[in-house]
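# A closer look at the structure
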Amino acid sequence: MKLKLSDDVIENLNDLIGQEEREESGEVASEDWMPSLNPTQWEIFNSNKKNVFAYGERASGKSIGFLHKIIRHAYEGFNAMVMIVVKVRSMATNGGVWTNLIYDVLPQWERGLGIKCSEEKMDEMRCRYVFIENRHGGWSKIFLMSLPHEEQVAPRVKGIEPSMVYIDEITSMEGPAYYDALVQQVGRKKGARVPQQYCASCNPEGPSHWCYELFCERGFNDDGERPDFDVFHVPISENQHNIPEDYYDRVMGAVANDPIDYARLVEGKWVDRPSGDA
């Protein structure tokens, strides 16, 4: 006589087998789990200011710090909604910020904290999105939107109420509408239960770039403090253990004959290119 197992029993056995495999590999989800971050990434991760900005050298880990912050926001928030903005979609999906979210950072949270997420999908506006189960028993949404032209920003984001906005490579954006129009949409989501924030990261350009005023000059009170702004320089020295050994040498070689690019991409400085330079 053959014993027939119910579907529920089979599912429970599969769960137990999966748990044993995770235990053997050291990938057991834990309520105490936290991501492995560099020192400045931790500061980004824990900042509760309304505006959180980071700039630094190429491959310094700026966007990875923000991606962990995004997932934490989605997990801890009540039906939170995170809007990731790039200039061109391919910047994010061909090895960029969205690729890193889906294939690197999010799986770390699935293994470490045991969070659940939906399959990646695309809406009628061709915006990619995923849902993440939050700790309140609901679902939070993370979606990607490309905004290639400044005049598109205000009309395209009207009516969207994100609890967090993250602009990747904000110095590639044309003008201040990428802040002024988007920041007005943040903070309107009721009952989010997490700080509602505008976040951005970039390689530095020069003091004449519109972002410099936003990153370095705006929001000071009479005491010289910036109560609504946190701005972090993320040095590549903190992240060299995470990048291929020869990558830094490649960057150094590429900018060796350009002191402006060297200052920006290797030293993380805001430096203008002299007038007339190509």
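Presented here is an overview of the structure given in this document.

What counts, and where the lines are drawn
- Residues numbered from 1 in each chain as written.
- Predicted model: local features only at pLDDT ≥ 70, side-chain atom pairs only at ≥ 80, totals over all residues.
- Heavy atoms only, no water.
- Phe/Tyr/Trp six-rings, centres within 6.5 Å; stacked < 30°, edge-to-face > 60°.
- Helix = DSSP H or I, 4+ residues; strand = E, 2+ residues; numbered from the N terminus.
- Buried < 20%, exposed > 50% of the residue type's maximum accessible area, 1.4 Å probe, protein only.
- Salt bridge = Lys/Arg side-chain N within 4 Å of Asp/Glu carboxyl O.
- Pairing = 2+ DSSP bridges.
- Contact = heavy atoms within 4.5 Å.
- Axes fitted to C-alpha atoms, helices over the stretch in contact; angles between N-to-C directions.

## What to know about the packing of aromatic side chains
Enumeration over the complete set of coordinates arrives at 13 aromatic pairs. A centroid spacing of 5.0 Å and a plane angle of 75° characterise the contact between Trp 33 and Trp 109, whose relative ring orientation is edge-to-face. Of this pair, Trp 33 sits in the loop between helix H1 (7-25) and helix H2 (39-46) while Trp 109 sits in helix H5 (residues 97-112); the two residues are 76 residues apart in sequence, bridging distant segments of the chain. Between Phe 66 and Tyr 166, the ring centres sit 5.0 Å apart and the planes meet at 25°, which makes this aromatic pair stacked. Taken together, the residues Phe 66 in helix H3 (residues 62-76) and Tyr 166 in strand E6 (residues 164-168) connect sequence positions 100 residues apart. No difference in accessibility class separates Phe 66 from Tyr 166, as the two residues are buried. A connected cluster of aromatic rings, assembled from ring pairs, spans Phe 53, Tyr 55, Tyr 179, Tyr 198, Tyr 212, Phe 215, Phe 229 and Trp 270.

## Observations regarding the pattern of salt bridges
All chains considered together, the criterion is met by 12 salt bridges. Its salt-bridge partner being Arg 218, residue Asp 180 comes within 3.7 Å of it at the nearest N-O pair. Of the two residues, Asp 180 sits in helix H7 (residues 177-183) while Arg 218 sits in the loop between helix H8 (210-216) and strand E8 (229-234), which places them 38 residues apart along the sequence. Several salt bridges share partner residues, and in doing so they unite Asp 180, Glu 213 and Arg 218 into one network.

## Considerations on the sheet that holds strand E7 (residues 197-202)
Pairing is mixed across the open sheet formed by 8 strands, whose spatial order is E3-E4-E5-E2-E6-E7-E1-E8. The open sheet has two free edges, formed respectively by strand E3 (121-122) and E8, since each of these has just one partner strand. Each of strand E1 (51-56) and E8 is contacted by H2, which is oriented at about 160° to E8, the strand it contacts most. Along the sheet, H5 makes contact with strand E2 (81-86), strand E4 (128-133), strand E5 (139-146) and E6, crossing E4 at roughly 30°.

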